[in-house]
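Examining the three-dimensional arrangement
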Amino acid sequence: MMKKFKFLAMAFSCLLAGTMFNSCSDDDPVEQTTFSMSTSTPTDIEAAGGPLTVDIKSNADWTVRSDADWLTISPTFGNGNATVTITASENTGYESRTAQVTFSYTGQTASGTTSLTLTQAGKEKPAAPTYHFDLLASVGATTGMSSTGVTSYLIRSVEPNDLVNPNYSVSYTGIGADIKSAELESEAVIYKGYYYEVAPKSNSWYGKYLINNEGATTVARFEMGSSVFQTRKYAHAIIAENEFVFIGSDKASSKGSQNNILWAKVKDNGASFTLEGEGVLDLTSATKELKEGGIVSFSTSGLAKYRSSDNTIIYCFTDKATDAAPGIYIAFIDAATMEIKNVVNETRVDEMAGTAFGELQQDKMFMDENENLYIACGNQIPDTEKSTQQYGRLIRVNKGEFDTDKNYLGYDKYDSGKILTVDYMGNNKVMLYIQDPYYCGLASTPTEYKGWGQNEFNSYYAVYDITTGECTELKYDGKPLPYSCGSFTDRVSYYNGKCYVGTCPDETTGNLPTIYIYDVETGSLTKGATLASGFYFDRLSVVDNVK
Amino acid sequence: MRTAFLLMLLLIATGSVWAQSHVTLTGTVKDHKGNALSMASVSVKNSVTGTYTNDDGEFMLRVKSGKLTLVSQLLGYETKELEIDTRKQTKIDISLTETGFNLQDVIVVGKSQEQQLREGAYTVSAVDIKSIASSVTNLNDLISRSSGVKIRTEGGLGSDFELSLNGLSGNSIRYFVDGLPLSSKGNGVNLSNFPINTIDRIEVYKGVVPSYLGADALGGAINIITKQEKTNFVDASVSAGSFSTYMADFNSQFVLNKTGIILRPQFSANYSKNNYTVHGVEVWNSETAHYDTVSRKRFHDDYFNTMVQLEAGVQNKKWADLFFVGGSFSQTNKEIQNGTIQSIVYGKAERKQDAWNVNMKYKKDNFLTEGLSLNVSASHTWDHSLTIDTAYARYNWNGGFQYKSSNEMTSRGRQYRHYKRPLTIIRANFNYALDNHHAFNLNYMLNRTGNKRYDTASDYYPENEIDGTFTPSKDLLSKQVLGLSYDQSLGKNGNWVNSFFLKDYINHVHVEQTDLAWITGSNKVPSSTTKNNLGGGFGSRFTIFDPLSIKLSYERSVRLPQARELLGNGSTTYPNLALEPEKSHNINIGLFGNLQPNRKHLIYYELTAFYRKVTDYIHLRINESDGTAQYTNVNDVTSKGLEGEIRYSWGRWLQLTGNVSYQESRDMEKYLENGNESATYKNRIPNKPWLYSNIDLTLNKYDLISQGDRLRFNLLYQYVHWYYLTWESYGYLPNKARIPEQNMFNASLTYSWQQERYSLTLTCDNVFDKLSFDNYKLQKPGRTFMAKFRIYLR
């Protein structure tokens, strides 16, 4: 609109000059003064700057002046026809700017001024970030199997700029959502900016919540049908845009006691849900070939991932019976019909890296670019007291396959280090969160139980290369990061070439919980924001902004 | 330590050498009309010797022979002093003149010298029940009117409640009946269902608890004193009220003429459907696919409780001043509507408790030697509780349910969980008065609880449906508390009273259970432990003049975890076997006095400040994920507070009491287990009321229709300031959950006639039908009407 107007203005001024010329011709020996100018290029200049030429057709003396210092004009005066070049320097601001260029002429019969308005666009505004970070901290103790000890969960949203700022301190005083006060639980599916969970105050509904620095609000809920999931105890797979499948048991798993694995397919319509289907996963029948009578006692929840190429949900679970065979089980389920296509028993590992909370808080599996699924698992370290003293392994289910790749066993160069979380960063690189009290100097032998507690500073971060099988501990300034506590925490998020990693260190050594930013391409590590002292830093998530 | 006790015993023994010859005084105390006055104190001035009159106004007192001054006191009457020479006179009749002040609540005043000496040095308030028993339908309501006392209930009749004294709550407070732990009546018997008619008065000890109670209390103690009368009587009452609530109490005494054997049969029963309406609950509307907010009646909250008791014994025999043996049976059935969260609804789960008890008590003054009195009691209770949680159903507020494959409360297999907790309590108390100014008291208390758990769900359900995580076990919890105290009365008129005490706590725990180790901590503690802890303190009271007295008390106390805390409640409260004893420093300072501008008007005031530093504070932590809970230690909690009370009486006709309590409890645990600084350091403990107030007005009209009748009107206003559910510093404050401010009015009207022989009471609680919560969103009943009719025949 503005542009058009300016063209019109210019055309009008030229016309005016032309009329003067016409009206004063012929019989007067004195040469009529003429002045006109035209520009071939638009008068709108890009932010980067650049030249603009103005052709002057005149028989008079003229000068050109500008009221802006960001324009250089050459030549600034002359006589007769000429081409004037106006050069704009780069606009480093985000706002556009205008300048008035004034042409003055003095001829034999007339003198006057005409002007030209130039507009330079501002630098392109960086797109407002479409995401932010949510930092979950707990008060009293780190999140765990039984949440006793934890007196509050707090979620704070932090802008990307602040998160990468080493001088920024994340405080929870008077800001953030008090999750316990909102009667929610920290374990939730985070999807498109919302939290999805079975709220603790309910034994019947599944809810969608908006959580921000002003608390938590309910967006939508639905009454679960016959498939009732317990708070924190279910696996999930996202099978389509806004469509989830939940898998879990409504009964706490216990040795010898029978339970069913239930499934529900739920569609999120924005402000409401639709229950698309529900039922029982008949894993007992499906495991009859693997165990006499089939498995009847299942882990309350397992781990689930959706493979889109063949519309399959891959569900990992364990047999909780006293006579259970070693290893884990992997079921391949048709996402459309929820029929079980195949179940395999993987005996090279003892357990998945975690089952209790599905992947509601921790990432235990990932898919690479080729849709090969990697599952973090663990084996008990020989000669140890407790089954939780493990070293990690990665197993793989290749794209299109209905069994694990028996030729692949990841992390097999290492006999210690329990893998707690995995985050795929592309290019065969994985960020691992590894628990290892012996490595962290808490235990004097690799088999000692000392130091395995979830409040001990027994864990570290390392980058694992799937191709080489090598693992490299993260270092900042040549030194390893302070060791962290938390067995049920996940302070790692990969986003757009960068991996954000948070520590939860021993504060008596002068360290605060800190965010480090790992650049996947360069391998460099920079320091970001810190958390106020006294909190257990439990989860770092990249969350989409909600409009 | 033991040597010290032996030494003290030796001292007591040698003390008897100095004993002088004594005589027994008998007599009566009457008003100017010649009516017998019961509960009047009769004591020897400047000494610890004293007693009360019985219901016939009679008293008996053993004193040193010679000249002495006898003091008789009763609140509402002028104190009388008589100089007598016991060599000439052993029968004394005393006449007291009414001051026009009617006894409502008794605070220290009007007690015997002996009791003044014992209790006077501590922060104690006694609530007189006898005179208002007709008007009271629930003991909890009455006690909660005292300053510094807060009772938080989860719902209607029979629901769980938590009493807090001066900011400490729950099991920090010990309950006694005549000095013997209330738990001996069985776990089903508590303040809310204790038969009111049998109670004489209730002593509320705040903070420091005297050693003779043998308590390992931390927050204080509540001692229910039952009526001890010598004549035959029948006392019966029936009540009925809203939500199908019915209550009956029968309490009587028969003296068999020939043998002098006293029989005391007692019976009480309480029933309520508790089907009051809860507002703002949500039910799913499948048509709109949204939740509707509605009001619904509670549908699974029936409560039934009964207690039968028989005592037989003798009084005033040569070999015993008092000897009783007794037995009781109590039974409680309770349906469970909610856990700790109102939105989680149960429709089938229930809890049943029954308990058998046998007990004996023996009391003898001048036992073995002059001045030594012995008080022994022993009790054994077979306590059995059963939690039935077998329904594979998920109920909603419409009363309907959806099938699921686990039980209601714990999402495990079907449970028929039995807990047998046999309880043995033995208490022995020796009191020795060296002379009129010095007395020693030695108290021993043994409290032994077993905990046998087993499950019988397999009798009713197939093996694969019962809870596979459970393994039966037998645990044992044994506590012994040995206390020694020395009481002295100094100053001209005994206006300076001191009490010093030492307590030794021995705790023995033997634990077998190993299931759910990650929750109960059974893998963290050795199966058998014995721990010894020492505590002690003092109390002092100095009366400058009647309008101003000062009290100061201090105690280093230890509280051993109770069975319920350590071993859970069998349903929604999990055991925590790693629980540590609570230890605390308690300081109480108080000012109090009487102002009596003239005979008609009396003002009593009391101002108390307390400071308490608790390590390993035992605190009930609720797990919102599933509505279960567990007791855990909070390392360091400091609680301080102020409370004030003013009572005004205008003759017998009007009493007005107002009190305010303010408390500050903060988490003073600076460091976490792993060395990091705690984020909650210096934060106020959440989910705890900290400012509340009561205003209590009573109006009496005497001789309204006939001579000896009375119309009593009572109005109670209770205020509780709102408080946060979780730590107040963190998160966006405007959207944090709060337990809202409460303003409650309760009213009652009682008409009694023929000298309280018959009485009829109408009460209306929550007059304005306001929503009320003590715990987050767990609604209490709305407007509740009750009628009580009582007959008291003597």
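Just so it is clear, the model here is predicted, and its values are computed rather than measured.

Below, the discussion takes up the overall build of chain A. Along the backbone of chain A there are three helices and 40 strands. Its C-alpha atoms give chain A a radius of gyration of 34 Å, more than 25% over the compact-globule value 24 Å for 547 residues. Seen along its three principal axes, the alpha-carbon backbone of chain A occupies a region of about 120 × 50 × 50 Å. Contacts in chain A between residues at least 24 apart in sequence constitute 56% of all its contacts with a sequence separation of at least 6.

Before going further, it helps to spend a moment on the overall build of chain B. Within chain B, the regular secondary structure consists of five helices and 47 strands. Split into buried and exposed, the 794 residues of chain B put 50% on the buried side.

Quick look at the sheet that holds strand β5 (residues 67-73) of chain B now. All names here are of chain B. Ordered by their spatial adjacency, four strands build an open sheet running β3-β2-β5-β6, and the pairing between neighbours is antiparallel. On the outer flanks of this sheet lie β3 (50-52) and β6 (80-85), each paired with one strand and no other. Across the sheet, the mean angle separating the axes of adjacent strands is 20 degrees when strand polarity is ignored. In this sheet, β5 lies alongside strand β2 (residues 41-44) in antiparallel orientation, the contact comprising four bridges. By the bridge assignment, Ser43 is partnered in β5 with Val71.

Ranked by size, the top nonpolar core spans 121 residues in total, and within it A:Ile247, A:Tyr315, A:Ala331, A:Ile375, A:Met431 and A:Leu432 carry the most contacts. With six residues, the single largest contributor to this core is strand β24 (residues 328-334) of chain A. Ignoring any residue separated from it by four or fewer positions in sequence, one finds A:Leu432 in contact with A:Ile419, A:Val422, A:Tyr461, A:Ala462, A:Tyr464 and A:Cys471. Within the second largest apolar cluster, 36 residues are counted, among which are B:Leu191, B:Ile202, B:Val209 and B:Tyr212.

Turning our eyes to something else, we now look at the sheet that holds strand β31 (residues 429-435) of chain A. Residue and element names in this part refer to chain A. The strand order across the open sheet formed by four strands is β30-β31-β32-β33, and the pairing between neighbours is antiparallel. Pairing within the sheet leaves two strands with one partner each, and these edge strands are β30 (418-424) and β33 (471-473). Going across the sheet, the axis of each strand differs from the next one's by a mean of 30 degrees, ignoring polarity. As paired strands, strand β32 (residues 459-465) and β33 are joined by three bridges and run antiparallel to one another.

Under the domain assignment, chain B is made up of domain 1 (2-98) and domain 2 (115-793). Here the C-alpha centre of domain 2 of chain B lies 34 Å away from the C-alpha centre of domain 1 of chain B.

In this structure, B:Asn193 sits in the loop between β13 (180-181) and β14 (199-206). Taking the number of C-beta atoms within 10 Å as the measure of exposure, B:Asn193 has 24 and is therefore buried.

Moving on, we come to unusual backbone geometry. That bond from A:Ser74 to A:Pro75 is cis: its omega, -10 degrees, falls within 30 degrees of zero. Note on placement: A:Pro75 falls in the loop between β5 (71-74) and β6 (77-79). The phi torsion at B:Phe243 lies on the positive side, around 60 degrees, for a residue other than glycine. Among the secondary structure elements, B:Phe243 is positioned in the loop between β16 (233-241) and β17 (245-255). Overall, B:Phe243 belongs to the buried group, with 20 C-beta atoms counted inside 10 Å.

Residue and element names in this part refer to chain B. Examined against the element boundaries, Tyr362 turns out to sit in strand β23 (residues 350-364). Considered as a pair, Tyr362 and Trp397 are 35 residues apart in the sequence and their alpha carbons are 53 Å apart. Setting aside its immediate chain neighbours within four residues, Tyr362 contacts Ala320, Leu322, Phe323 and Val376.

Residue and element names in this part refer to chain A. Where β24 meets strand β25 (residues 340-346), six bridges bridge the pair, whose relative direction is antiparallel. Bridge pairing links Ala331 to Val343 in β25. The loop that links β24 with its antiparallel partner β25 comprises five residues; one of these, Met338, has a positive phi angle of about 60 degrees.

Attention shifts here to the pairing of strand β47 (residues 784-793) of chain B. Residues in a regular strand point their side chains to alternate faces of the sheet. All names here are of chain B. Direction of pairing for β16 relative to β47: antiparallel, over a ladder of eight bridges. Its bridge partner lying in β47, Val238 is registered against Phe789. With eight bridges connecting them, strand β44 (residues 758-765) and β47 associate as antiparallel partners. Paired with Cys764 across the strands is Phe785, a residue of β47.

Residues and elements named next belong to chain A. With respect to the helices and strands, Pro505 occurs in the loop between β37 (498-502) and β38 (514-519). The exposure class assigned to Pro505 is partly exposed, which follows from the 19 C-beta atoms found within 10 Å. Here the alpha-carbon distance between Pro505 and Glu339, two residues 166 residues apart in the chain, equals 45 Å. Other than its neighbours up to four places away in sequence, Pro505 contacts Phe457, Pro482, Tyr483, Ser484, Asn511 and Pro513.

Rules used throughout
- Residues numbered from 1 in each chain as written.
- Chains lettered and ligands numbered in written order.
- Predicted model: local features only at pLDDT ≥ 70, side-chain atom pairs only at ≥ 80, totals over all residues.
- Helix = DSSP H or I, 4+ residues; strand = E, 2+ residues; numbered from the N terminus.
- Rg over C-alpha atoms; globule rule 2.2 N^0.38 Å.
- Contact = placed C-beta atoms within 7 Å.
- Buried ≥ 20, exposed ≤ 12 C-beta atoms within 10 Å, placed from the backbone.
- Pairing = 2+ DSSP bridges.
- Axes fitted to C-alpha atoms, helices over the stretch in contact; angles between N-to-C directions.
- Core = buried A, V, L, I, M, F, W, Y, C linked by C-beta atoms within 7 Å.
- Domains from an automatic or database assignment.

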